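# Summary of structural features
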Amino acid sequence: MLHEVVVEHPDGGLAIIDPVIDRDPENEEFAQLRNGYAYPSVTQVLRMSHMSMTQPRLFESASPSGPLRSNAPTFVNNMTLPVHRWFRFSAGYSAEWVVNSISDFLTCAGQSKAVILDPFAGSGTTLLASSALGCDSFGWEAQDFIFRVADAKVQCSDADPEMILQSAHSVIEASKNTGANRCNDQEPKLLQKCYSEETLAELRGLQEALNGATIDMDDSTWKLLWLALVSTLRPASHVGTAQWQYVLPNKKKINTVGPSEGFMQKARMIAGDISVIRSKLSGNMSILQHDARQPSKVPKDSIDIVVTSPPYANNYDYADATRLEMTFLGEVAAYSDLKRVREPLIHACSQHMVGYDASAAIEDPLLTPIVDRLGPIYEELSSVRSTRGGKKAYHAMVVAYFLDMARVWQYLRAAVRPGGKALFVVGDSAPYGVHTPVDELHGELAVAAGFESYRFTKTRDRNIKWKNRKHRVPLKEGVLEVQG
Ligand SMILES: C[S@@+](CC[C@H](N)C(=O)[O-])C[C@H]1O[C@@H](n2cnc3c(N)ncnc32)[C@H](O)[C@@H]1O
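Okay, so let's go over this structure. (Residues numbered from 1 in each chain as written. Predicted model: local features only at pLDDT ≥ 70, side-chain atom pairs only at ≥ 80, totals over all residues.)

### Observations concerning the sheet that holds strand S4 (residues 136-141)
- An order of S7-S4-S3-S8-S9-S11-S10 is seen for the seven strands of this open sheet, with the pairing classed as mixed. Where the open sheet ends on each side, the last strands, each with one partner, are strand S7 (285-289) and strand S10 (453-462). Averaged over all pairs of adjacent strands, the angle between strand axes in this sheet comes to 15°, irrespective of strand direction.
- Looking at chain direction, strand S3 (residues 115-118) and S4 are connected through four bridges and run parallel. (Pairing = 2+ DSSP bridges. Helix = DSSP H or I, 4+ residues; strand = E, 2+ residues; numbered from the N terminus. Axes fitted to C-alpha atoms, helices over the stretch in contact; angles between N-to-C directions.)

Here it is, written out as structure tokens:
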């Protein structure tokens, strides 16, 4: 998971920031940065990706050697790639890196095909990259909204571009007779803050037209137009709505796109990409809404290689990240509703820790292989916490995180064939300045689950750029390679 985001300075320069570290409201330097920088608008993103609309590069390799040759494997790279660019998922990783990693595996194993599993599939990057290499793949994703994004994307090889365009036009036409009747006062407060009355009415019109029974379209077309609509929500808002910073109602954006215009642009992009890449996606893609901590739904010993980026133990809230979309869709109303969304997710943020009994969890036998290292971190975080105003439950979070991941490693061991492999893009963390060697603890859990060995290769440093941090612990991100 590589949470970098490109922000644009009014003077035209670009800066890459790490939203997980840098969104910390206590980080003064980032606050200054936020005030001086504007977020890229959809028009700018579309302009940037226009060339690849006509000549998609389709996951082409970046450079010649090893899984680390794409040393900035962020989702930002994906915004120029067909299919991947349909929904900007800031926690996503680079499709090119996935293609390179699988290609290297095939070369080393002397195989022309492999079966791939991504237990934390997010927006479906691994599945689409696998399919482009002719490999069959399975993905699990537990967050309901993110699952539907991936599900829509992997449908693309069944969809007819002409039908998508025609149906999009019909939706826009039908929307003109709907939506406007809705009373703005009845809209959730969050939406009232994010949209003007007119914009929200237009969005509701599109939604009602899409959900209405009058336009005849098949299931995959409907899902792809649903994706076109939900991916227009943030670009159509005049306030700060990047996922990594959730929603900043007081932060005004310079550029927005009209809902119907944005919806149609996205539908055109989807149809254009499909017509070019459909024949190139030859591997089967199977995405399941599934909690990776539950017994595996893939046959034993059936997977050649796991390629994934799990949640990190760094307080990123995958429920809150899509609150705007879920609110628009009527699936959450209040902040407290996010509790239900978090339930099937790995414990990776302090908001998820209410009522969690960490003192019992740390005694769990699944944590025995790492308790000598995790125990002192837990103790130190418990004591630092009492000195901090926010009293965040990071001590419980790290314990819960590794207990969850211990379960996942058990199920992965069962799914991966002997001699197979797992590649995890991971980053370490230092909540309240207490360093947690996430890569090593993952590796130890993998070996305890029955894998043979692990090694970690750093791809980049984190938390070293800014001066005014609350803590100065240098962090890193890289690839954990587990051999089985
Ligand atoms: C770092 S993101 C993966 C992004 C993905 N590589 C992509 O490019 O879109 C981690 C994903 O794990 C999902 N997740 C969290 N807990 C999960 C669980 N228990 N089972 C399955 N997925 C989970 C999150 O919702 C999130 O989408």
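Now that the structure has been shown, the text picks up again.
### Some remarks on helix H10 (residues 197-211)
- Here H10 spans 21 Å end to end across 15 residues, near enough to the 21 Å set by a 1.5 Å rise per residue.
- Here H10 has its buried residues at Leu-200, Ala-201, Glu-202, Leu-203, Arg-204, Gly-205, Leu-206, Gln-207, Ala-209 and Leu-210. (Expected span 1.5 Å × (residues − 1). Buried ≥ 20, exposed ≤ 12 C-beta atoms within 10 Å, placed from the backbone.)

### Digging into the pairing of strand S8 (residues 303-308)
- Most of S8 is tucked away: six of the six residues are buried.
- As defined by bridge partners, S3 adjoins S8 across two bridges and the pair is classed as parallel. Counterpart to Ile-116 in the pairing with S8 is Ile-305.
- Sheet topology note: the S8/strand S9 (residues 416-427) ladder contains five bridges and is parallel. From the neighbouring strand, Ile-305 faces S9, where its bridge partner is Lys-421.

### Topic: the packing of H10 against helix H11 (residues 219-230)
- Taken N-terminus to C-terminus, the directions of H10 and H11 make an angle of 170°; their axes are 11 Å apart at the nearest point. As judged from the angle between their axes, H10 and H11 are roughly antiparallel. Only Leu-225, Trp-226 and Leu-229 of H11 make contact with H10, whose side of the interface consists of Leu-206, Gln-207 and Leu-210.
- Of the residues that constitute the contact of H10 with H11, the class distribution is five nonpolar, one polar and no charged. (Parallel < 35°, antiparallel > 145°, perpendicular 65-115°, else oblique. Contact = placed C-beta atoms within 7 Å. Nonpolar A, V, L, I, M, F, W, Y, C, P; charged D, E, K, R; others polar.)

### Description of the pairing of S4
- The buried fraction of S4 amounts to five of the six residues, a majority that puts the element mostly inside the structure.
- Between the parallel pair S3 and S4, the chain is carried across by helix H6 (residues 125-132), and the sense of this crossover is right-handed.
- Inspection of the sheet shows S4 paired to S7 by five bridges, in the parallel sense. Directly across from Glu-141, in S7, lies its bridge partner Gln-289. (Right-handed = clockwise from strand over helix to strand, strands pointing away.)

### Examining helix H12 (residues 259-277)
- Over its 19 residues, H12 runs 27 Å from end to end, which matches the ideal 27 Å to within 8%, given 1.5 Å per residue.
- What H12 keeps buried is the set Pro-259, Ser-260, Gly-262, Phe-263, Lys-266, Ala-267, Met-269, Ile-270, Ala-271, Asp-273, Ile-274 and Ile-277.

### Topic: the environment of His-395
- For His-395, the location among the structural elements is in helix H17 (residues 394-415).
- The sequence separation of His-395 and Arg-385 amounts to ten residues, and the corresponding C-alpha distance is 7.9 Å.

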